[in-house]
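# Inside the fold
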Amino acid sequence: MNKFDFSIIIPLYNQEKYIEKCLKSALSQEFKGTYEVIVVNDGSTDKSEEILSNFKDDKLKIYKNKNGGLAFSRNYGNLKACGEYIVYLDADDELDSLALQNFYNTKKGYSPDIILAPYCAIREHRGDIKEYFPLKKFKNKKGYLNVKNTKGRILKTNFEAWGKAYRRDFILENNIQSPIIHLAEDVPLFYKALLGTEKILLCKKSVYYYRRGHKKPYKNGRYNLVQEVIKTINSSEEIVKGYEDYDIIRKIYADNTLKICIFWYKKFKSLDNRKEFYDFCMRYLEKFKLENKFRIRAFICDLNLNFKKCQ
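The present account deals with the structure reproduced in this document. (Residues numbered from 1 in each chain as written. Predicted model: local features only at pLDDT ≥ 70, side-chain atom pairs only at ≥ 80, totals over all residues. Heavy atoms only, no water.)

What follows deals with the nonpolar core. Counting 66 residues, the largest nonpolar core has Ile154, Leu155, Tyr191, Trp264, Phe268, Phe277 and Phe294 as the members making the most contacts within it. With 11 residues, helix α8 (residues 246-267) is the largest single contributor of residues to this core. Excluding residues that lie within four positions of it along the chain, Ile154 makes contacts with Leu116, Leu135, Leu145, Asn146, Val147, Leu194 and Ile200. Formed by 33 residues, the second largest nonpolar core is a distinct cluster that contains Ile10, Leu12, Leu89 and Tyr119. (Core = buried A, V, L, I, M, F, W, Y, C linked by side-chain atoms within 4.5 Å. Buried < 20%, exposed > 50% of the residue type's maximum accessible area, 1.4 Å probe, protein only. Helix = DSSP H or I, 4+ residues; strand = E, 2+ residues; numbered from the N terminus. Contact = heavy atoms within 4.5 Å.)

Structure (structure tokens):
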């Protein structure tokens, strides 16, 4: 039985710089209904736990685990949640003050499994904020959207788990969990969720502030990051190929994967095994005849990196 309208789930690992702003944005929602905020502390070793202890709010529930990763923490939060809908919030991001109210208004008269929404990027490296709405062409559509009635185009939205609301029973009954992968784990969850329902609604107002340009360069440590993203791509393909109308979404899936390959090739600029990822992407994209597009984009990326080094 649902005790609340929403459960906000915040996986937390070493975000002492941002967790206070994040949590304040969650606890100060201008929402007329009921909600809870679940923080899953994934074994933080900085001052994050100390900052959490300063918050006294009946809506707040804090759980502490050994370090299992973002996917593990989200899945754990799903099981603890008592809200009709789940909203994921990363610990270095923020919710708009009207996020829950906007989700609630969107679903009035409906029972969607997923609500998608625009989001704003806090671009710290540029000092500005920009709104993104990948599905703006559908913003005036009424009723449910899904993969079939959009001819797959709904899959052109952002892959991240955040910025969306998921009906909790839909998540649990269909085992829609984040796979235990340690980078880009949102992508398989994205495909499993959107391909698993015919009841998706669009919220027209931005609900989320995603922070960009603040993270340190990626480095291999406990996990081989190249292999983690390769796992993500292979896991996504397995889900997508199981869809009954795979031919309808094949091209969109291929284009999405090209974007993922280019994105992570750029992010892996500091890794010693970056060439391993390049070779995988070339082989993988060849079946979609997109390997040359990747080659050109990767070449341009490397030119830009070399130019910056020379400045």
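Taken together, the side chains of Arg126, Lys130, Lys136, Lys139, Lys142 and Lys204 present a region of like positive charge at the surface. Mapped onto the fold, Lys139 is located in the loop between β8 (128-132) and β9 (164-167). (Patch = residues over 30% accessible without salt bridge, like charges linked within 9 Å, V, L, I, M, F, W, Y side chains within 5 Å. Areas by Shrake-Rupley, 256 points an atom, 1.4 Å probe, with all protein chains shown as cover. Salt bridge = Lys/Arg side-chain N within 4 Å of Asp/Glu carboxyl O. Lys, Arg positive; Asp, Glu negative; His and termini not counted. Charge placed at Lys NZ, Arg CZ, Asp CG, Glu CD.)

Next up on the list: the side chain of Lys164. Its location among the elements puts Lys164 in strand β9. Buried and without a salt bridge, Lys164 has Glu160 as its closest oppositely charged side chain, separated by 5.4 Å. In this structure the side chain of Lys164 is engaged in a polar contact, spanning 3.2 Å, whose partner is the backbone oxygen of Asn158. Among residues more than four places away in sequence, those in contact with Lys164 are Ile86, Val87, Tyr88, Phe103, Ile115, Leu116, Asn158 and Phe159. (Polar contact = N/O pair within 3.5 Å; in protein donor to acceptor, adjacent residues only side chain to side chain.)

Side chains of Ile296, Phe299, Ile300 and Leu303 sit close together on the surface and give an oily, nonpolar patch of about 400 Å² of accessible area. Judged by its relative accessible area of 41%, Ile300 is partly exposed.

Glancing now at the pairing of strand β4 (residues 83-88). Extensive coverage of β4 is indicated by the burial of 5 of its 6 residues. Relative to β4, strand β1 (residues 4-12) is paired through 5 bridges, and the arrangement is parallel. Following the sheet pairing, Phe6 is matched in β4 by Tyr85. Bridge count for β4 against β9 is 3 bridges, and the pairing is antiparallel. (Pairing = 2+ DSSP bridges.)

Remember, this is a structural readout, not a statement about activity or role.
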